[in-house]
Amino acid sequence: MSLVGIPLILLTALLAVVAVVATVRGWRLLPVRIVGLIAVEVLVVACVGLIANRSESFYPSWQALGGDTGAAVVTPTTAGRLDAALHAAGAIDWSPPEAARWETAVPPVLIVPPDYAEPAGRSFPVLVALTTRADAAQVERTAAATPGVVTVLLVPTRATTAATLGTLGDSLSRDVRSTASVALLADPTWAALAASWPGHPVVTPGHTAAAFATAVRDLPSPLAAPQRLPSLTDQGSPS
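Everything numeric here is computed off the predicted structure, so don't read it as measured data.

## Description of the nonpolar core
Turning to step 1, where the next piece is worked out: Judged by nonpolar contacts, the single largest core of 27 residues is most densely connected at Leu 110, Val 128, Leu 130, Val 152 and Leu 168.
Turning to step 2, where the next piece is worked out: The set of elements that each furnish at least two residues to this core consists of β3 (124-130), β4 (150-154), α6 (162-165), α7 (168-175), β5 (178-186) and α8 (191-195).
Turning to step 3, where the next piece is worked out: Examining the composition of this core, we find that four residues originate from one element, β3, more than from any other.
Turning to step 4, where the next piece is worked out: Ala 136, Val 149, Leu 185 and Val 216 belong to the second largest nonpolar core, which has 17 residues in total.

## Focus: a nonpolar patch on the surface
Turning to step 1, where the next piece is worked out: A grouping of Met 1, Leu 11, Leu 14, Leu 15 and Val 18 is seen on the molecular surface, where their side chains present a nonpolar patch of about 470 Å² in accessible area.
Turning to step 2, where the next piece is worked out: Looking at the element boundaries, Val 18 is found in helix α1 (residues 6-25).

## A few points about the pattern of salt bridges
Turning to step 1, where the next piece is worked out: One pass over the full model with this rule turns up two salt bridges.
Turning to step 2, where the next piece is worked out: The shortest N-O distance in the salt bridge between Arg 122 and Asp 115 comes to 3.0 Å.
Turning to step 3, where the next piece is worked out: Residue Arg 122 is classed as buried on the basis of its relative accessible area of 18%.

## Observations regarding the packing of aromatic side chains
Turning to step 1, where the next piece is worked out: Applying the stated criterion across every chain, the model contains two aromatic pairs.
Turning to step 2, where the next piece is worked out: Ring centres of Trp 94 and Trp 102 lie 5.5 Å apart, and the angle between their planes is 50°; this geometry places the pair in the tilted category.
Turning to step 3, where the next piece is worked out: A residue is classified by how much of its surface remains accessible, and Trp 102, at 0% relative accessible area, is buried.
Turning to step 4, where the next piece is worked out: Taken together, a centroid distance of 5.4 Å and an interplanar angle of 35° make the contact between Tyr 116 and Phe 124 tilted.
Turning to step 5, where the next piece is worked out: On the accessibility criterion, Phe 124 (0% relative accessible area) is buried.
Turning to step 6, where the next piece is worked out: Over the face of the ring belonging to Trp 27 we find Arg 33, whose NZ or CZ atom lies 4.9 Å from the ring centre.
Turning to step 7, where the next piece is worked out: Here Arg 177 stacks its cationic end above the ring of Tyr 116, 4.0 Å away from the centre of that ring.

## A short note on the UniProt feature "transmembrane region" (unreviewed entry) in the chain
Turning to step 1, where the next piece is worked out: Residues given the UniProt feature "transmembrane region" (unreviewed entry) here are residues 32-52.
Turning to step 2, where the next piece is worked out: Regarding residues 32-52, the helix share stands at 100% and the strand share at 0%, and the terminal C-alpha atoms are separated by 30 Å.

Calculation rules
Residues numbered from 1 in each chain as written. Predicted model: local features only at pLDDT ≥ 70, side-chain atom pairs only at ≥ 80, totals over all residues. Heavy atoms only, no water. Core = buried A, V, L, I, M, F, W, Y, C linked by side-chain atoms within 4.5 Å. Buried < 20%, exposed > 50% of the residue type's maximum accessible area, 1.4 Å probe, protein only. Helix = DSSP H or I, 4+ residues; strand = E, 2+ residues; numbered from the N terminus. Patch = residues over 30% accessible without salt bridge, like charges linked within 9 Å, V, L, I, M, F, W, Y side chains within 5 Å. Areas by Shrake-Rupley, 256 points an atom, 1.4 Å probe, with all protein chains shown as cover. Salt bridge = Lys/Arg side-chain N within 4 Å of Asp/Glu carboxyl O. Phe/Tyr/Trp six-rings, centres within 6.5 Å; stacked < 30°, edge-to-face > 60°. Lys NZ or Arg CZ within 6 Å of the ring centre and 35° of its normal. UniProt positions renumbered as here; feature names shortened; annotations may be inferred.

Okay, structure coming up:
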């Protein structure tokens, strides 16, 4: 359940109403009264906080709430093996050695955003789109026009498993400038596959442009390569 999603807000509001009703019914019992008042206050504050967070995106995901913003480890960014081809085409059929075990209906498509080329030192979060043949073209067009995220377009089959797709991240890090931050966009046909994905990233159902935008919102911004700070020798000796 997304941290900025309507279902979580509605669930919290419902629990607050239940807590109010339970407190009123047990008002004559002092322990129930104390616990009930505390529960109502906590749930109301939580509900208001979730509404504010949805509006302002202070914490766009559970990972961000836990302190994982995708920028915890800063390492020099190296060029991806397919950078030259992707700069020229924007989207290519992707055939890493591990792809044979993924059992997809068609070769995966690797799509970089319009801002991938400049500056060259940035690494991008990843959106994996699990879609159908019929909707693949629409998702590809949306991904190609969306800045700030690398998209992997997969058309799974019944033989595709989350366990075999667990190698996708390592394959991707060799070929493009990507971070470890991953979100999933899943057609309802592949909801179970998405739910069992290693690491349990945030899953957004659907394949429309609006669903794509929601999935991207749960990802951190691209990471810039670390800048070299001046050393004492660069600053020269004091006069």
